[in-house]
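Coordinate inspection notes
Letter by letter, the chains look like this.
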Amino acid sequence: MSLNKVMLIGNVGKDPEIRYLEGNSPNGANAKVATFPLATSERYRDRNGEQHENTEWHNIVAWRGLADTMERFVKKGTQLYVEGRLRTRSWTDQTGNKRFTTEIVADTIQLLGKRSDNPGAEGPAPYPQAQQPYQQAPQARQPYQQAPQPYQQVQQPAAPQAAEGPEDDLPF
């Protein structure tokens, strides 16, 4: 059994780059991919009480529907929760050197923070609005047909007497 899972909360380092890849899909649609860097930071104090901050940069790749969301709502500075898996790719550059990159292929992305904190929230209602549930018009109140009965006091039955034995019969 193996597991390849990454969970990050961080800020987008630059606006997502959107590309369309020619594909062999039956409907002739091209696959959309969004790539962007995500910064996660760790703050700590050393023995001398000085505060330090380490920032780690992660390359995020979002496909199809997630790429649509990134294109519409995410800008530099947006805080995101990203869940996905690690993938390492290699290629040969123009000078003939073999190069490697490690990226996170996103499975889930959630926008965090308030809408006003998100630089991508400019303009009219950028986030999808939840539909309001249908509300039926209030009906006229009907008088009670029968007056409610007053509460009746119910006596609890006496607890059964424990048989002779240890006071604590818990198995641990």
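Residues numbered from 1 in each chain as written. Predicted model: local features only at pLDDT ≥ 70, side-chain atom pairs only at ≥ 80, totals over all residues. Heavy atoms only, no water.

Time to look at helix α1 (residues 64-73). For α1, the complete set of buried residues consists of Leu66, Ala67, Met70 and Phe73. Projected down its long axis, α1 shows its buried positions confined to an angular sector of 155°, all on one face. Of the exposed residues in α1, the ones pointing more than 90 degrees away from its buried face are Arg64 and Arg72. (Buried < 20%, exposed > 50% of the residue type's maximum accessible area, 1.4 Å probe, protein only. Helix = DSSP H or I, 4+ residues; strand = E, 2+ residues; numbered from the N terminus. Arc of directions from axis to C-beta.)

With that settled, the discussion passes to the pairing of strand β6 (residues 98-111). Regular strands have side chains that alternate between both faces of the sheet. Judged from the three bridges that link them, strand β4 (residues 51-63) and β6 form a sheet pairing that is parallel. Within the sheet, the bridge partner assigned to Asn59 lies in β6 and is Glu103. Bridge analysis of strand β5 (residues 79-92) against β6 gives 13 bridges, and the strand direction is antiparallel. By the bridge assignment, Ser90 is partnered in β6 with Phe100. (Pairing = 2+ DSSP bridges.)

This brings us to unusual backbone geometry. Look at Arg64: it is not a glycine, yet its phi comes out positive at around 45°. Position of Arg64 relative to the elements: it lies in helix α1. For Arg64, a relative accessible area of 53% translates into the label exposed.

What follows concerns the confidence of the model for the chain. Looking at the chain, the pLDDT average stands at 77 and 62% of residues meet or exceed 70. Segment residues 123-148 is flagged for pLDDT under 50; beyond a separation of four residues in sequence, or across chains, it makes 12 contacts in the model. (pLDDT = per-residue confidence, 0-100. Contact = heavy atoms within 4.5 Å.)

Moving on, we get to the environment of Thr35. Relative to the helices and strands, Thr35 is located in strand β3 (residues 31-45). C-alpha of Thr35 to C-alpha of Lys14: the two residues are 21 residues apart in sequence and 9.7 Å apart in space.

On the secondary structure map, Glu103 appears in strand β6. Using a relative accessible area of 5% as the deciding quantity, one classes Glu103 as buried. Side chain to side chain, Glu103 and Arg87 meet in a polar contact 2.5 Å long. Glu103 has contacts with Asn59, Val61, Arg85, Leu86, Arg87 and Arg89, leaving out every residue within four places of it along the chain. (Polar contact = N/O pair within 3.5 Å; in protein donor to acceptor, adjacent residues only side chain to side chain.)

So, about the nonpolar core. Soluble globular proteins: nonpolar side chains tend toward being buried together. Counting 17 residues, the largest nonpolar core has Phe36, Leu38, Ile60, Met70, Leu80, Val82 and Ile109 as its most contacted members. Elements with a minimum of two residues in this core: β1 (6-12), β3, β4, α1, β5 and β6. (Core = buried A, V, L, I, M, F, W, Y, C linked by side-chain atoms within 4.5 Å.)

It is worth spelling out the pattern of salt bridges at this point. Opposite charge on two side chains permits them to pair, given that their charged atoms come into close proximity. Inspection of every chain in the model, using the stated rule, returns eight salt bridges. As a salt-bridge pair, Lys5 and Glu83 come within 2.7 Å of each other at their nearest N and O atoms. Of this pair, Lys5 sits in the segment before β1 while Glu83 sits in strand β5, and the two are 78 residues apart along the sequence. Given a relative accessible area of 46%, Lys5 falls into the partly exposed group. Owing to a relative accessible area of 16%, Glu83 belongs among the buried residues under this scheme. The partner of Arg85 in a salt bridge is Asp107, and the shortest N-O contact between them spans 2.9 Å. Of this pair, Arg85 sits in strand β5 while Asp107 sits in strand β6, placing them 22 residues apart in sequence. Of the residues examined, Asp107 reaches a relative accessible area of 47% and is grouped as partly exposed. (Salt bridge = Lys/Arg side-chain N within 4 Å of Asp/Glu carboxyl O.)

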